Structures are given as structure tokens and as C-alpha cells.
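Inside the fold
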Amino acid sequence: MPLTLEGPRILLRRLRQVMADGGDRQTRLDKIVELIAASMNAAVCSVYLKRGREALELCATEGLNPDAVHQTVLRVGEGLVGDIAQHARPLNLSDAAAHPRFVYRPETGEENYKSFVGVPVLSGGNVTGVLVVQNVTQRSFVDEEVEALQTVAMVLSEMLTASGEAQAEPALPPEAARQFSGIGLTDGMAMGHIVLHEPRIEVTKLISDDPDEEMRRLEAAIYDLRRNVDRMLATDDVSHAGEHLAVLEAYRMFANDRGWLRRMQDAVRTGLTAEAAVESVNNAMRARLGGERDIYLRQRLHDFEDLSNRLLRILSGRAQLASEDKLPRDAVLVARTMGPAELLDYDRRKLRGLILEEGAMGAHVAIVARALNVPMMGSVRGIADIARDGQEVILDADQAEVHVNPPADIVDAYSNRARLRARRLKRYARLRGLPAVTRDGVRIRLDMNAGLLVDVERIDESGADNIGLFRTELQFMVAARLPRVNEQQAVYERVLKDVGGRQVVFRTLDIGGDKVLPYLRSNQEENPAMGWRAMRMALDRPGLIRYQLRALLRASAGRELSIMFPLITTLAEFEASRELLDLEVARLAKFGRPGPERIKVGTMLEVPALVWQLDQLLPRIDFLSVGTNDLMQFFFAADRGNPMTGTRYGMLSVAPLRMLDHVRDICESHNVPVSLCGEMGGKPLQAMALLGLGFRRFSVPSAAIGPVKRMLRSAHTQRLETAVREALDKSAYDIRAELENIANRQGIKL
Ligand code: PEP
Ligand code: MG
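Everything in this summary refers to the structure shown in the same document.

What counts, and where the lines are drawn
Residues numbered from 1 in each chain as written. Chains lettered and ligands numbered in written order. Predicted model: local features only at pLDDT ≥ 70, side-chain atom pairs only at ≥ 80, totals over all residues. Heavy atoms only, no water. Helix = DSSP H or I, 4+ residues; strand = E, 2+ residues; numbered from the N terminus. Buried < 20%, exposed > 50% of the residue type's maximum accessible area, 1.4 Å probe, protein only. Contact = heavy atoms within 4.5 Å. Areas by Shrake-Rupley, 256 points an atom, 1.4 Å probe, with all protein chains shown as cover. Lys, Arg positive; Asp, Glu negative; His and termini not counted. Charge placed at Lys NZ, Arg CZ, Asp CG, Glu CD. Donors = N, O, S within 2.8 Å, 3.2 Å for Na, K, Ca; no water. Pairing = 2+ DSSP bridges. Axes fitted to C-alpha atoms, helices over the stretch in contact; angles between N-to-C directions. Near = heavy atom within 4 Å. Polar contact = N/O pair within 3.5 Å; in protein donor to acceptor, adjacent residues only side chain to side chain. Nonpolar A, V, L, I, M, F, W, Y, C, P; charged D, E, K, R; others polar. Core = buried A, V, L, I, M, F, W, Y, C linked by side-chain atoms within 4.5 Å. Parallel < 35°, antiparallel > 145°, perpendicular 65-115°, else oblique. Left-handed = near helix turned anticlockwise from the far one by under 90°. Expected span 1.5 Å × (residues − 1). Phe/Tyr/Trp six-rings, centres within 6.5 Å; stacked < 30°, edge-to-face > 60°.

1. Comments concerning the overall build of the chain
- Scanning the chain from terminus to terminus reveals 28 helices and 22 strands.
- Along the first, second and third principal axes, the C-alpha set of the chain runs to 90 × 70 × 50 Å.
- Taking all 750 residues of the chain together, 55% fall into the buried category.
- By sequence separation, contacts in the chain at least 24 residues apart represent 67% of the contacts at least 6 residues apart.
- For the chain, the exposed surface amounts to about 32900 Å²; the carbon and sulfur share of it is 49%.
- Each charge sign in the chain was given a centre, from 99 positive and 101 negative side chains, and these centres are 6 Å apart.

Pasting the structure below:
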């Protein structure tokens, strides 16, 4: 007879009795497997526990050969038990021996048993053992039985931890100095005090005294959670539209998910406390999705974990998140993972830095951190386990180091560097209101790159003239689902409103490659940077871009719209892109909706092949924007993200400079404005070389506006041009050293 919902309740009560009775560990384990086997009408119940990192030892069994206890050891990954431990997920098989992972251990005598269900024993998300039930008959266990077994595994895990079975590393005292390494995901450094993003709620009481009361508590907490999410949605100001809204809507969907609630209610009915029910369902979800490679599913797991944590906080009466609490003025956030919307919840004036256990360069929270100018490090393993609220911390994203409770010499070294940096920033701030004019009176257009509303808000602070590149894909990347047309429109309207009369050059979606949308399935490609991305994807599947063009046209009603297409490789691609725009313009007119007063259409120059089509392309476009990040990697055939090749070929060498000179020259002869929006223009020495070649328009990251403006205001274009041309003529390869000499001689401030 399968396990009924009444069954586990009685089982849990008996297990609790076993715990209360005391006795040695082996006696208790023996008793536990006996109870589980009886309760589940199973011939066999066995517990395997982790020994070291790689081994699983049979520690107790009811039904298998008792002599095999402490003798049978499997490696993680070996056999069915090893497979469960490796993937932290249950296996439910009607015929165990037919499974390709099955290994036969003669000492156990398990050849008699066909049906098999095993679940991981998890502690804090780590596998500490495996609990297995087997039967003679060939049948699959039903989902409820597997879930009940997972609940039992959770109680078992708690018992093992309480009896000291879980071997924790000897802890250093909280005031001990600790150093961590990781990956710097932004520039910069910070010193401040740790704020744990999510104070961890430990579930200590697992088995309920009064299931009715626990059910009432669970339902009340769910009610509060739904109300909280609704309230967040209602009060979410438009500045987060798109970035934040979509995540909150996903939360609302999950918070109202009947399946989720039902599983937690079932767990309470089996005799768990409300907190333990939340944790148990969350553990099961993590076990199922934790090893998932699919980015979309991983993100959904993150949403669920976040909601489960919120629910636990409500149940424990600690509903506040760190972002809602009073923050110290020098907060350095520490978390395992964090979504982009959660970072946006914090008061950024008090945020000094962010440290995550996970998180890589392309992580969406890293994109937001860069936009907010918050120094951030990712992949800092182990930090969340030892960090405590209020500890002193130094985060150095430039050196990729974190120091918790830093010793005096580290604090001194850091303070010196921070002082120098602050002095530099002050110098740049003084230039904010001044124009980018050279000493010989040439006005240079110095624009800023942006991609999120939080970047745009910094335009005044940066001292940029316009937004020369708005990477529209970032809004799509930080959202939990595809933004709708009206949501896109709201973001673009807000951008245009925030910049006042200044221009914004919107680049249509550049997705694909390393820019992954979590909710769109993407194909695995061998060379994603050279793959099906940007306009290639848009022209093959025009639905997405047509919506985007529609949103851009509507948002620019009554004003000028500047728009450009990424990764254009052939003239035909440009023309096809332009046709899509024309279709949307015609559609707007057909519905009698107001459109932009004027539309300027340009393209990015990121593919060398386009350089040799400029004479045909330029008469058809209003402006060109050189994306040196992509252009140079394709020009040199050297992956920009690969440390072995990324810096191998200098931008300040003759070949790329000659190509850029040719581009500038041909644009000039067609009277088409050319701007340079890759990172190259953001480095003062490189921008100086470009100024010397005749470039007069740049769009750079906001943090580079100050340094580049300082360089521009100290340069004399005529003198510089003569010197740069001379250097190019007489050199065969790199002219970096010569450029540094020129800067020295001409008093150009780098
Ligand atoms: C470029 O390629 O130079 C560019 C600006 O585009 P992105 O960095 O967004 O690829
Ligand atoms: Mg590019």
C-alpha cells in the first residue's frame, strides 16, 4: 500500500520519539530505517552518508544484508546512490537494475529488489547523504511518496546535524582577518561595513505540535507575501519600469502558484512546521533544478528561492530585507546571489560595494552594478558563510581581492590608493560643467554610453553632451521576461525625458553572442560572437525588432529619433533593416498615431567587411558609429574575452589606426558624421590618437567622460594631428611609446 498523507505524520512523530529517546547514533539510525521501511511498506530502507568529499558509505539498512553496513562504499557519481548524490536529485525507478548507472554490489543482496526510490539528504543545499527505499515488486513510487521521502530526508538531515554528524570546518573567530579572491566585475574599490543581503533564517523547529495551527500560519504568511508583492508592484516607480517590474510580475505569478502552495500545505499535513514546509519544498525545487544548465530555469529557481526566503522572513517575524532596513552609510553588500531588481532596491547613496559568491562578467546584476557605478566582485567563494553584519571589509575589484577585518597595513595601503583616486575624481568633477573644447577651440562632441535608466540618470553628474550609444538590450537582459511594447515604450520615453533636450542614439537589440536573454532559448554556437546575433537574428525573426521599432517610434512622438543597427555586415542587411523601420513608420501613419518629427538612421561599424562597402552605405545613412570592441576582435581575429588573445594586438598599432583613418576620411568625404563608441575612445591615450586622426565625436562609458574631457581640453588638435601622422608614417608597428612622448611634449594630460 502506498504511503498516505496520514502515514508520514505518524512516521515523523515516531522519528521524533527516536531522537528524544537518545541512545547511540547507530542504534538511532537502525531504528530510523526500520521505521521508514515499515511506514512505507518497503522491503528495504537504507541510509548512505557522505564520507569526505567523494565517498558514500552505507550506514544503516533494513532489508539489505546487515554485514554490508560500513562495508559498502560508493563514490559520488557511482551507481544509483552516487548519481543521486552527484546531481542532488531524486531517482524513482520501477526496475533499478535496468538503469544504466546501476552497479551491483554482491555483499548487499539487493538483486532481489526491483523498484527503487532514492532522495538526497540535504543540509544547507549540500548533499550529506542519500536515503533509499526498495521493493520486490516492479512499480514506480507515486510523486507523493517521493515527496514524503524527501520530507523524511530533511528531518533525518536535521537529526544528523544535531548529533554532530555534519562535520563543519573549525570556525575562525568572527574578528579574524580573512582574505578572499574572486573576479572583479567592475572597476574600483570600496571600504565599508558588511551588510548581509539576506539575513539567513535558520529553521530549527521541524516537527509541528499542532498541524492546524501550522496550516493557519502558513496560509497567513502566504497571504502577507502576496500582499507584499502586490504592494511592491503598485508602488514601483516608473524609473524601474522594465528593469524591475518584470521581475516583480514573475514573483506575483509564483506567489500565486497553486502548485507551490499545495506542496507546502501537503508538507504541513505530513507534520512539519510551516517553516520546515517552506524549506522542504524549496529543497526539493533546488534538488530538481540546482544542476540545471538552462539559464531560464536557473533564474526561475533563483526567483523561487527568493520568494521562499521572503516567506521564511514573514513566518519568523523578520519580514524586512536588508534593503528595507536602515543601511549604514558605507554598506558593502554580501550575498550568495542577487537579482538585478534586488540591487536596485537599495539606496544607492549608501552603497559602497557588492560581493557575491556567484556572479560572472555577464551576470545581470553585474550590468546593473556597472550602471550604478558600484564596485563589485563575483565568484568570491566562501564569503557568505563567514560574513557577519557590521564587519569591516575592503573590496578591491581592480586587484580582485576582498579583505574581511583587514589588518592595519592593508587598511593603510588601501587608504592611500583611495585618497589618490578621490583626488582624481574631484579633478574630473570640476570639469563637469565645462565643454569638451580643445586648446585651439575645436568643440569635440563627448557623449556617454548607457543602457539602463540608472545610467541615464547619471548624465548630469558625468558631464556628457548626449547619449551616443544606448544599448537597448540591457533592459531585456535584466528583465525576467520579454518586455511588452508598452513597457519598452515607457522606458524609452523616460530616457528621452531624463536627458531633456539632449540626443539619444538608440541601438536596436544586440542579442545573441554573450548577450543572453534568460527567457529566450538560444542555440549552442561554436563561435557565438561571430554567430547568429544582433541584426542577423532580427532579420531572420523580425517579430522582436518590429515591436522594438514600434516602441521607439511611439516614444519619440514629436521629437527626433536617432536609431542605429548593430553588427551590419553587408549593404543588403542595412537595407533590409531600414525596410523594417519603414514598415513600422507606415503602420504608425496608418493608425494615425503621432510619430517622430524626424528620424536619423545610422549603423554601427563592427565588422571589417563593412569598411569596404562604406562608399555605397554612406549615401544611405545619416551617421556612422564605430564599435571598436567588436571591430577590433574581428579585425585581428582575436577574441576580446580570451586572456591569451584579448590584449595581444595593440589598438595603438599601425594597422588598426590606418583602418580607422580610412573610415574617418571616407565619412568626411561623404559628409556623414562618424562617432566612435567602443571602449577605445574611453582611454585617454587612445582617444588622443583618435583625435590626432581627426575623430571629433566620441561616446564613452560615463566613468571615462572626466578623464577624456581632461585630455581633450589640454590638446591642440592641429599640433597633435601633425605629430600623430608623423608617428604613423615612420613606424612599422606599435606607436604607443611615441604617443606618450607626444603627450609629454605637447602637455596633454592623460
Ligand atoms: C562595440 O562593439 O564596440 C560596441 C560598442 O558594442 P558592444 O560593446 O555593445 O558589443
Ligand atoms: Mg558590439
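2. Looking at the coordination of the magnesium ion (ligand 2)
- For the magnesium ion (ligand 2), the protein coordination sphere consists of Glu606 (OE) and Asp630 (OD), at 2.0 to 2.1 Å. With glutamate 606 in the loop between strand S19 (598-605) and helix H21 (608-611) and aspartate 630 in helix H23 (residues 628-636), the pair connects residues that are 24 residues apart, well separated along the chain. With respect to burial, glutamate 606 and aspartate 630 carry one shared label: buried.

3. Regarding the sheet that holds strand S3 (residues 73-75)
- Sheet architecture is open: 6 strands sit in the order S3-S2-S1-S6-S5-S4, paired in antiparallel fashion. Since the sheet does not close on itself, it has two edges, and those belong to S3 and strand S4 (91-93), each with one partner. For this sheet the average axis-to-axis angle between neighbouring strands, irrespective of direction, equals 25°.
- As judged from the 6 bridges shared by strand S1 (residues 44-51) and strand S6 (residues 126-135), these two strands associate in the antiparallel manner. Bridging across to S6, leucine 49 finds its partner in glycine 129.

4. Details of the site of ligand 1
- Contacts to ligand 1 come from 14 residues, most closely from Arg471, Arg507, Lys515, Gly627 and Asn629.
- At 3.3 Å, a backbone N or O of glycine 627 approaches an oxygen atom of ligand 1.
- Against a free-state accessible area of 290 Å², the protein chains account for coverage of 98% of ligand 1.
- Those elements that place two or more of their residues in the shell around ligand 1 are strand S16 (467-471) and H23.
- Ranked by residues supplied to the shell around ligand 1, first place goes to H23 with 3 residues.
- For the shell around ligand 1, the per-class residue count stands at 3 nonpolar, 4 polar and 7 charged.

5. Structural notes on the nonpolar core
- Residues Leu343 and Val663 are the most contacted members of the largest nonpolar core, which totals 122 residues.
- Not counting the four nearest positions on each side in its chain, valine 663 is found in contact with Leu605, Val611, Leu614, Leu624, Val626 and Val674.
- Of all hydrophobic cores here, the second largest spans 68 residues; its members include Cys45, Val47, Val155 and Ala267.

6. Some words on the environment of glycine 52
- Mapped onto the elements of the fold, glycine 52 is located in the loop between S1 and strand S2 (55-62).
- Taking the relative accessible area as the measure of exposure, glycine 52 reaches 60% and is therefore exposed.
- Each C-alpha atom, one on glycine 52 and one on threonine 128, is 9.8 Å from the other, the two residues being 76 residues apart in sequence.

7. Points about the packing of helix H25 (residues 684-693) against helix H26 (residues 702-714)
- Look at H25 against H26: their axes get within 9 Å of each other, and the N-to-C directions meet at 45°. In terms of their interaxial angle, H25 and H26 are classed as oblique. H25 and H26 meet at a crossing whose hand is right-handed. Listed contacts from H26 to Pro684, Ala687, Met688 and Leu691 of H25 are Pro707, Val708, Met711 and Leu712.
- For the contact of H25 with H26, the residue count by class is 8 nonpolar, no polar and no charged.

8. Things to note about helix H7 (residues 258-269)
- Compared with an ideal rise of 1.5 Å per residue, which puts 12 residues at 16 Å, H7 spans 16 Å between its outermost C-alpha atoms and is within 8% of the ideal.
- Along H7, the residues classified as buried are Trp260, Leu261, Arg263, Met264, Gln265, Asp266, Ala267 and Val268.
- Looking at where H7 begins, the residue whose side-chain oxygen comes 3.0 Å from the main-chain nitrogen of glycine 259 is aspartate 257.
- Looking one or two places after H7, you find glycine 271, whose phi comes out positive at around 115°.

9. Examining the packing of aromatic side chains
- Taken as a whole and assessed by the stated rule, the structure comprises 5 aromatic pairs.
- Put simply, the rings of Phe470, Tyr492 and Phe506 touch in pairs and so form one group of aromatic residues.

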